[in-house]
Amino acid sequence: MDSNILLLSLSLFVLYVAQLSWCYQSPQGVKINYREKEKEVLDQILGPSSYDARIRPSGENGTDGPTVVHVNIFVRSISKIDDVTMEYSVQLTFREQWLDERLKYNDYDGRIKYLTLTEASRVWMPDLFFSNEKEGHFHNIIMPNVYIRIHPQGSVLYSIRISLTLSCPMNLKLYPLDRQSCSLKMASYGWTTDDLIFLWKEGDPVQVVKNLHLPRFTLEKFYTDYCNSKTNTGAYSCLKVDLLFKREFSYYLIQIYIPCCMLVIVSWVSFWLDQSAVPARVSLGVTTLLTMATQTSGK
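Conventions we followed
- Residues numbered from 1 in each chain as written.
- Predicted model: local features only at pLDDT ≥ 70, side-chain atom pairs only at ≥ 80, totals over all residues.
- Heavy atoms only, no water.
- UniProt positions renumbered as here; feature names shortened; annotations may be inferred.
- Helix = DSSP H or I, 4+ residues; strand = E, 2+ residues; numbered from the N terminus.
- Buried < 20%, exposed > 50% of the residue type's maximum accessible area, 1.4 Å probe, protein only.
- Polar contact = N/O pair within 3.5 Å; in protein donor to acceptor, adjacent residues only side chain to side chain.
- Contact = heavy atoms within 4.5 Å.
- Phe/Tyr/Trp six-rings, centres within 6.5 Å; stacked < 30°, edge-to-face > 60°.
- Salt bridge = Lys/Arg side-chain N within 4 Å of Asp/Glu carboxyl O.
- Pairing = 2+ DSSP bridges.
- Axes fitted to C-alpha atoms, helices over the stretch in contact; angles between N-to-C directions.

Labelled according to an unreviewed UniProt entry, the chain appears under the name Glutamate-gated chloride channel isoform X3, originating from Diaphorina citri. In its Sequence similarities (unreviewed entry) section, the UniProt record describing the chain reads: "Belongs to the ligand-gated ion channel (TC 1.A.9) family. Glutamate-gated chloride channel (TC 1.A.9.4) subfamily."

Right under this line is the structure:
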């Protein structure tokens, strides 16, 4: 009899532990809906009486110093490098991360890892802009490619996919054996370094997709730097990425150099023709010139 009671007690204990592993229960034994808890937390930390998105977060360790924003980017593709307009087009995932202690919340013993938002206007955002941008747009297929993650300790991660056309001044003295350095510059528009500082994220702040294919160029390397500027209205934080491109000479060798050399060799055939064969000499010369003109106009 005692052994049956002991076995029954062990079974009930195992069942209780299994239930605890699957769901957290309140003292009354009612299962908690953590999706509802997420809504309550969002209403609590983003309520109009507790949070104002117009006010920037405090500095590190709750001081009155500048807000520090860590930046990293992932280059998805580079679709165009134009020598004529001196610009290039790039698609990238842009990420910013900062600490806003006003957004701290209870994670219910690790049950809520982070909260996700898709409306950037709900929280304070750094006023970053791309200083050498010519054109740009966001991606909204199927939904806007943007999200904001708020972690329990108040850390905010902002990620968005964007396409940019950026200016790239080029030195074409060594064309087509040249190398070009194109920059991607990011700076604060209104907040000075007294209020906002941009820093590169530690450990691979810039990542490039594998097997990146470029038209007529090869991406040799890239490196990050800072480009802080000072104007009449104050000093502003700035980050930049320098992309070093090497032009593919093989394309020009096949498309220009070899055909031109062959045409020159063909034009030499007229030297072996008889002097009296005027029609043949003229036809060969005219054909060579027309072929060169057609090839040049087709580039």
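A look at the side chain of Ser188
Within the element layout of this structure, Ser188 appears in strand β8 (residues 179-188). On the accessibility criterion, Ser188 (3% relative accessible area) is buried. Among the polar contacts listed, one links the side chain of Ser188 to the side chain of Asp127, at a separation of 2.9 Å. Among all residues touching Ser188, those that are not within four sequence positions of it are Asp127, Phe129, Leu196, Phe198, Tyr236 and Ser237.

Side note on the packing of aromatic side chains
Aromatic rings in a pair are described by how distant their centres are and how their planes are angled relative to each other. Throughout the structure, instances matching the rule amount to 7 aromatic pairs. Between Trp124 and Trp191 the ring centres are 6.4 Å apart and the planes differ by 65°, which places this aromatic pair in the edge-to-face class. Of the two residues, Trp124 is situated in the loop between β3 (115-117) and β4 (128-130) and Trp191 in the loop between β8 and β9 (196-200); the sequence distance between them amounts to 67 residues. With a relative accessible area of 25%, Trp191 lands in the partly exposed category. Residues Phe217 and Phe245 carry aromatic rings whose centres are separated by 6.2 Å and whose planes lie at 75° to one another, so their mutual orientation is edge-to-face. One end of the pair, Phe217, is in strand β11 (residues 217-226); the other, Phe245, is in strand β14 (residues 238-247), with 28 residues separating them in the sequence. In this structure, Phe217 and Phe245 share a single accessibility class: buried. Linked through ring pairs, Tyr88, Phe217 and Phe245 together constitute an aromatic cluster.

A closer look at the environment of Val264
Mapped onto the fold, Val264 is located in helix α3 (residues 249-267). C-alpha of Val264 to C-alpha of Met292: the two residues are 28 residues apart in sequence and 9.6 Å apart in space.

Regarding the side chain of Thr192
Here Thr192 is to be found in the loop between β8 and β9. Beyond its immediate stretch of four places on either side in the chain, Thr192 contacts Thr233, Gly234, Ala235 and Tyr236.

Details of the pattern of salt bridges
Applying the stated criterion across every chain yields a total of 11 salt bridges. When the shortest N-O distance is used, the salt bridge between Asp83 and Arg247 registers 2.9 Å. With Asp83 in the loop between β1 (67-82) and β2 (87-99) and Arg247 in strand β14, this pair connects stretches of sequence that are 164 residues apart. Here the salt bridges share partners, and the residues they tie into one network are Lys80, Glu87 and Lys134.

Some thoughts on the sheet that holds β8
With antiparallel pairing, the 4 strands of this open sheet are ordered in space as β4-β8-β14-β11. Two strands lie at the open edges of the sheet, namely β4 and β11, each paired on one side alone. Taken pair by pair, the neighbouring strands of this sheet meet at an average axis angle of 20°, ignoring direction. Judged from the 9 bridges that link them, β11 and β14 form a sheet pairing that is antiparallel. Counterpart to Tyr226 in the pairing with β14 is Leu239.

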